[in-house]
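Report on the structure
Below are the chains, spelled out letter by letter.
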Amino acid sequence: MMSVEGSVKRIGIVYSSSPRLSSHNHMTKLAIIGIDGATYEIIHPMIEAGELPNIAKILAEGVSGALESEKPPMTPPAWTSMFTGLNPGKHGVFHFIGRDLGSYQHSLKNSGSYIGKDIMSLLSKRGLSVGSLSVPMTYPPFEVHDGYMVSGIPMPLTGDSIAWPPDVCDDMHRILGAGYIADVEYSKYDGDTETSKDDLSLYSELRDELFRLEEQRLAIQTNFLRERPTDFYFTVISVTDRCQHYFWKFQDPNHAGYTEEGAKLYGEVIKDSYRLADKFVGEARAIIGDETPIALVSDHGFGPQYHDFHINTWLEQQGYLVRKQVPYLKWGKLHLGGVLHRLGLGFVEKIIGPLGKIPIYRPRMKKKADASDIDWSQTKAFAALHGICVNLQNREPEGIVSDDDYASTIDEIIIKLRDIKMPDGSVACDGIFKKEEIYSGPRTTEAPDLQFQMAGLSCITKECWGESELFALRKNAPISGQHRFNGIFAISKPGVEAGKVIEGMHIQDTAPTLLYAIEQAVPAWMDGNIRGDIYAEPPEPKWDRSPEPQSDLPASSDTDDAQSQSIEDSLRGLGYLQ
Ligand SMILES: [Zn+2]
């Protein structure tokens, strides 16, 4: 088990340990501490065992309840729905990546999708100072009033583009004695590949790195809450999400990858991540004070991942997707410079300069299947964003399904999805959703046409190619935990009913409810509801009737291709992209 206290010393963080009032003697009006992937299924037993004292105090003194996540319950759409109060059909974030309509391509989503509609922008516009630390989907960082924003994933893990204003990066460097690193580079921890033997040594390095980076973020939080106090503070702790992805099997005897040796080595890692989250909560409250309204939220819950479902194999078996059979000859592209390099003539490459970029085509045997093998002229449906898209005429570049046949194609796929059986013979799909049933608004067109979930989300679709079996058992693949629908919500502030548990709260209700809780006007355009039942006698809400801000701003990302590639490689290691 790793000692949280010990790791602070090990990395030599420089910050004053004596609490002192901030120079501005500032009163925070609301702090939100997000605990990515936190679930009561782990929190409650730990509290009963006398752990997590700071989280326990908030639940005991405040109002709490399960928070139903977005569909799909993924980090980017879930946090974006949380801080905009909108459904993905309006904020446009359905996944880490978005469909580039009019093509079969995808690109990384960023904050350009929603800026202006989020509570950070909203409160800034009303003159409140805003501090935002490591909230997912806030890259590129955007200007907030009299405060700062340090981006959360997806983002380049280092560099000066990750914070606003830029001097925040220097400040973080000063606090840590080194550059701030936002997250682990996951591409070296290939989370999705099943190997013949689980290499247990790999996990200790990953665990140490996860805790080291989160402890650094705690040092930044402590410093910023003291030195850069703001009216509104929002942070998200990610160590809980990552540990539950990579370490679930070590504490779940029902998981095929569970071993006693693994349990002995890593059985406490997930609990340690919650202990660290509790420390975040405690240290924040020690600075902002117990009377300051504080909310605890998570974007989704967590549970085991027992199976993969090979969606492309299924689409091929059902005749919806047709693929050219590999091996076949294709034209490979090389650059002149690359050829010279391979021939040991790198010096010539330097002399010819830009001419080295001239492409040279040569036939090459293609052996490994991938998406480029799809024969679009015969493909009616394909996998995208954890769902299924129809290859529609006038929408997809090589669409073959007419508008008239769209609805019947979807209905036919749904009937076939309902027939799929898990390896134990049980019905696999326990939720199938057409996009118009779960989203509303102009950006619904960017969603996959159909989504489905299997075996209570313990079976996840995988978009790999050339698998003969529909299902694979997860055993040695490093990622063994996956998201669930129930996250957490809690708010503690004077006036709420202590210890009350509310039911049926949706993640889109978070922003309107928190604005209401601090007597801020709630925008009428938000989709979520105000949960007045946090009070015994709910006061009347104040409404903001101004129209929904337009975020048709260009996605002002300065992410270059190399940066995007490295972000995507890291997300692939986390199992989010294939
Ligand atoms: Zn998450």
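Read on for an overview of the structure. From a predicted model like this one, the values you see are computed outputs, not experimental measurements.

**So, the coordination of the zinc ion**
Coordination angles at a metal have ideal targets, namely 109.5 degrees for four tetrahedral donors and 90 or 180 degrees for six octahedral donors. Of the protein atoms, only Asp36 (OD), Thr75 (OG1), Asp299 (OD) and His300 (NE2) coordinate the zinc ion, at distances of 2.0 to 2.1 Å. The sequence pattern formed by the donor residues of the zinc ion is D-x38-T-x223-D-H. Of the two residues, Thr75 sits in helix H4 (residues 75–84) while Asp299 sits in the loop between strand E9 (294–297) and strand E10 (301–304), which places them 224 residues apart along the sequence. Residue class for Thr75 comes out buried when judged on its relative accessible area of 1%. Look at Asp299 and you get buried, because its relative accessible area is 0%.

**Comments concerning the pairing of strand E8 (residues 232–237)**
Burial of E8 is extensive: six of the six residues sit out of reach of the surface. Both faces of E8 are covered, namely the face carrying Phe232, Phe234 and Val236 and the face carrying Tyr233, Thr235 and Ile237. As paired elements, strand E1 (residues 30–35) and E8 share six bridges and run parallel to each other. In the strand pairing of E8, Gly34 is matched with Val236. Where strand E5 (residues 130–135) and E8 come together, four bridges link them in parallel fashion.

**Let's talk about unusual backbone geometry**
Between Lys71 and the following residue, Pro72, the backbone shows a cis peptide bond with an omega angle of -5°. Looking at the element boundaries, Pro72 is found in the loop between strand E2 (63–68) and H4. Residue Pro140 is bonded to the preceding Tyr139 through a cis peptide linkage, with omega at -5°. Here Asn394, not a glycine, exhibits a phi torsion of approximately 65°, which is positive. Relative to the elements of secondary structure, Asn394 occurs in the loop between strand E15 (387–390) and helix H15 (403–419). Notably, Ala455 is not glycine yet its phi reads approximately 45°, a positive angle. Among the secondary structure elements, Ala455 is positioned in the loop between strand E17 (450–454) and strand E18 (459–462).

**Things to note about the pattern of salt bridges**
As enumerated under the stated definition, the model contains 36 salt bridges in all. Across the pair Glu68 and Lys71 runs a salt bridge, and its minimum N-O distance is 3.9 Å. Assessed through its relative accessible area of 32%, Glu68 is described here as partly exposed. Ionic pairing is found between Arg242 and Asp241, a salt bridge with its closest N-O pair at 2.9 Å. The buried category is assigned to Arg242, whose relative accessible area is 2%. Residues joined in a network through salt bridges with shared partners are Arg99, Arg395, Glu396, Lys435 and Asp449.

**Considerations on the nonpolar core**
Residues Ile43, Met172, Leu210 and Phe247 are the most contacted members of the largest nonpolar core, which totals 81 residues. Counting the residues that make up this core, at least three belong to each of domain 1 (27–303 + 483–536) and domain 2 (308–326 + 368–473). The contact partners of Leu210, leaving out residues within four places of it in the chain, are Val184, Tyr186, Val239, Arg242, Cys243 and Phe247. Phe83, Phe142, Val236 and Ile534 belong to the second-largest nonpolar core, a separate cluster that totals 45 residues.

**Quick notes on the sheet that holds E5**
With mixed pairing, nine strands are arranged side by side in an open sheet as E7-E6-E5-E8-E1-E9-E21-E2-E22. The sheet is open, and its two borders are formed by strand E7 (163–164) and strand E22 (505–506), each paired with just one other strand. Looking at chain direction, E9 and strand E21 (residues 486–492) are connected through four bridges and run antiparallel. Of the residues in E21, the one forming a bridge with Val297 is Phe489.

**Let's talk about the environment of Trp543**
Assignment of secondary structure puts Trp543 in strand E24 (residues 543–544). A residue is classified by how much of its surface remains accessible, and Trp543, at 41% relative accessible area, is partly exposed. Sequence separation of Trp543 and Tyr516 is 27 residues, and the distance between their C-alpha atoms is 9.1 Å. Among all residues touching Trp543, those that are not within four sequence positions of it are Ala521, Val522, Pro523, Ala524 and Ile530.

About the thresholds
- Residues numbered from 1 in each chain as written.
- Predicted model: local features only at pLDDT ≥ 70, side-chain atom pairs only at ≥ 80, totals over all residues.
- Heavy atoms only, no water.
- Donors = N, O, S within 2.8 Å, 3.2 Å for Na, K, Ca; no water.
- Helix = DSSP H or I, 4+ residues; strand = E, 2+ residues; numbered from the N terminus.
- Buried < 20%, exposed > 50% of the residue type's maximum accessible area, 1.4 Å probe, protein only.
- Pairing = 2+ DSSP bridges.
- Salt bridge = Lys/Arg side-chain N within 4 Å of Asp/Glu carboxyl O.
- Core = buried A, V, L, I, M, F, W, Y, C linked by side-chain atoms within 4.5 Å.
- Domains from an automatic or database assignment.
- Contact = heavy atoms within 4.5 Å.

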